[in-house]
Amino acid sequence: MFHVKLPGQDAMAREADEKLVSRRIKLPKRIVEHPLRQVVKRLLMALFVLFLTVFIVWLDRDGYHDNANEQVDLLDCFYYATVTLSTTGYGDIVPYSDSARLINIMLITPLRVLFLIILVGTTLEVLTERTREEWRLKRWRKNLREHTVVVGFGTKGRSALQTLLATGLSKEQVVVVDPSAKVIDTANAEGFTGVVGDATRSDVLLRAELQKARQIVIATQRDDTAVLVTLTARQLNRGAKIVAAVREEENAPLLRQSGADAVITSASAAGRLLGLSVLSPSAGTVMEDLIQQGSGLDLIERPVRKSEVGKSVRDTDDLVVNVLRGHRLLPYDDPHASPLQLTDRLITIVRAVPPTAPRTALGPAE
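- You'll find the protein chain entered in an unreviewed UniProt entry as Potassium channel family protein, with Streptomyces erythrochromogenes given as the organism.

### Examining the sheet that holds strand β5 (residues 174–178)
Then, number 1: Strand order across the open sheet formed by 7 strands is β1-β6-β5-β4-β7-β8-β9, with mixed pairing between neighbours. Edge positions in the sheet fall to β1 (24–26) and β9 (262–265), since each has one partner strand and no second. Across the sheet, the mean angle from the axis of one strand to that of its neighbour is 20°, orientation sign disregarded.
Then, number 2: As defined by bridge partners, strand β8 (residues 241–246) adjoins β9 across 4 bridges and the pair is classed as parallel. Counted as the bridge partner of A245 is I264 from β9.
Then, number 3: Along the sheet, helix α5 (residues 181–189) contacts β1, β5 and β6 (193–196); its crossing angle with β6, the most-contacted strand, is approximately 170°.
Then, number 4: Contacts between helix α7 (residues 223–236) and the sheet are confined to β4 (148–151), β7 (215–218) and β8, with β8 contributing the most and set at about 170° to the helix.

### Remarks on the UniProt feature "transmembrane region" (unreviewed entry) in the protein chain
Then, number 1: Here the UniProt-annotated "transmembrane region" (unreviewed entry) positions come out as residues 39–59 and 102–127.
Then, number 2: Secondary structure within residues 39–59 divides into 100% helix and 0% strand; the distance between the first and last C-alpha atoms comes to 30 Å.

### As for the packing of aromatic side chains
Then, number 1: Scanning the entire structure with this criterion turns up 3 aromatic pairs.
Then, number 2: Here the aromatic rings of F51 and F78 are separated by 5.7 Å at their centres, their planes lie at 85°, and the arrangement is edge-to-face. With a gap of 27 residues between them, F51 in helix α1 (residues 35–59) and F78 in helix α2 (residues 74–85) connect regions that are remote in the sequence.
Then, number 3: Taking relative accessible area as the criterion, F78 reaches 27% and is therefore assigned partly exposed.
Then, number 4: The interplanar angle of 65° and the centroid separation of 5.1 Å between the aromatic rings of Y64 and Y80 together place this pair among those described as edge-to-face. Taken as a pair, Y64 in strand β2 (residues 64–66) and Y80 in helix α2 lie far apart in primary sequence, 16 residues in all.
Then, number 5: Looking at Y64, the relative accessible area reads 3%, which means it is buried.

### Describing the nonpolar core
Nonpolar side chains in soluble globular proteins generally cluster together in the buried interior.
Then, number 1: W140, V149, V177, V195, I216, I218 and L255 are the most contacted members of the largest nonpolar core, which has 31 residues in total.
Then, number 2: Only α3 (98–143), β4, β5, α6 (202–207), β7, α7, β8 and α8 (252–258) provide two or more residues apiece to this core.
Then, number 3: Among the nonpolar cores identified, the runner-up in size contains 18 residues, and V49, I56, Y64 and F115 belong to it.

The rules we used
- Residues numbered from 1 in each chain as written.
- Predicted model: local features only at pLDDT ≥ 70, side-chain atom pairs only at ≥ 80, totals over all residues.
- Heavy atoms only, no water.
- Pairing = 2+ DSSP bridges.
- Helix = DSSP H or I, 4+ residues; strand = E, 2+ residues; numbered from the N terminus.
- Axes fitted to C-alpha atoms, helices over the stretch in contact; angles between N-to-C directions.
- Contact = heavy atoms within 4.5 Å.
- UniProt positions renumbered as here; feature names shortened; annotations may be inferred.
- Phe/Tyr/Trp six-rings, centres within 6.5 Å; stacked < 30°, edge-to-face > 60°.
- Buried < 20%, exposed > 50% of the residue type's maximum accessible area, 1.4 Å probe, protein only.
- Core = buried A, V, L, I, M, F, W, Y, C linked by side-chain atoms within 4.5 Å.

The following block contains the structure:
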């Protein structure tokens, strides 16, 4: 039986007022303007059309006939403009002069059409918003393949995403899962698709299309949650690469047994970097630079090129740190690392460049 140690000072994952109320997918919003502002803007446009119609009728009021008192005053102008634009048309006030009828044909009728477009357009937009959202969701599900699922959008999750984006991953290929609706709103604002829900539940991960994902990053606040998420994710997707973070080092083996391909101990890693910086601030700076993609030096993994097959590690164009052969990670100076094989993968240090530009080699290891 697994026993997960919980950090003594570890805070709860989320506040009580952010309890899970629904498990839903939230795509990044394309409408920047607030809906209420849109409605107010269209209402003002409709009022402008109404007052313009009243003004036109008032200028040519002598060309109109009122069946009640045969005179058209300002109130009658408002009344006529209202029933005309709304296409009610009671017929109690009518244009009888040639000029009034011509104005109705040339001006009042186009204004009536414009007024209806404004009102009907607003109504249709409200009614079709859900339909459009459902259509976007279906298209998103259909096109989503080989994507990255990030469970937890805290400091660790954000930092992991920044690194992945620096290597060329597009935001459209990222799905964030978090139990907090506020956190998902923040992810949406940054251009990521979000799923609100508890990632330990398989139905929530299925909403994120995890079964089709290529890689999964688990950056939860609690170690026991990370173990459960890893177990569920591995059950749903046998081939995806799963990378998880834990706070306590003794919980790392549980993550590996649960199906994680790599486990990062956040507290220990930060502590070791602090210790290295105490011994040598420059070495600490270099290490921090290596793990921060997109600036200075980058630590990358690449396949062996055909021209490098059969050569020694020292004969490659890049600064090779390790050779990954099957499940074995060999240091560059290991006698078994050379000669290189076609199926090997190399861990190398290169100069940071934009994702679209070619990497620059630093030279062979000495």
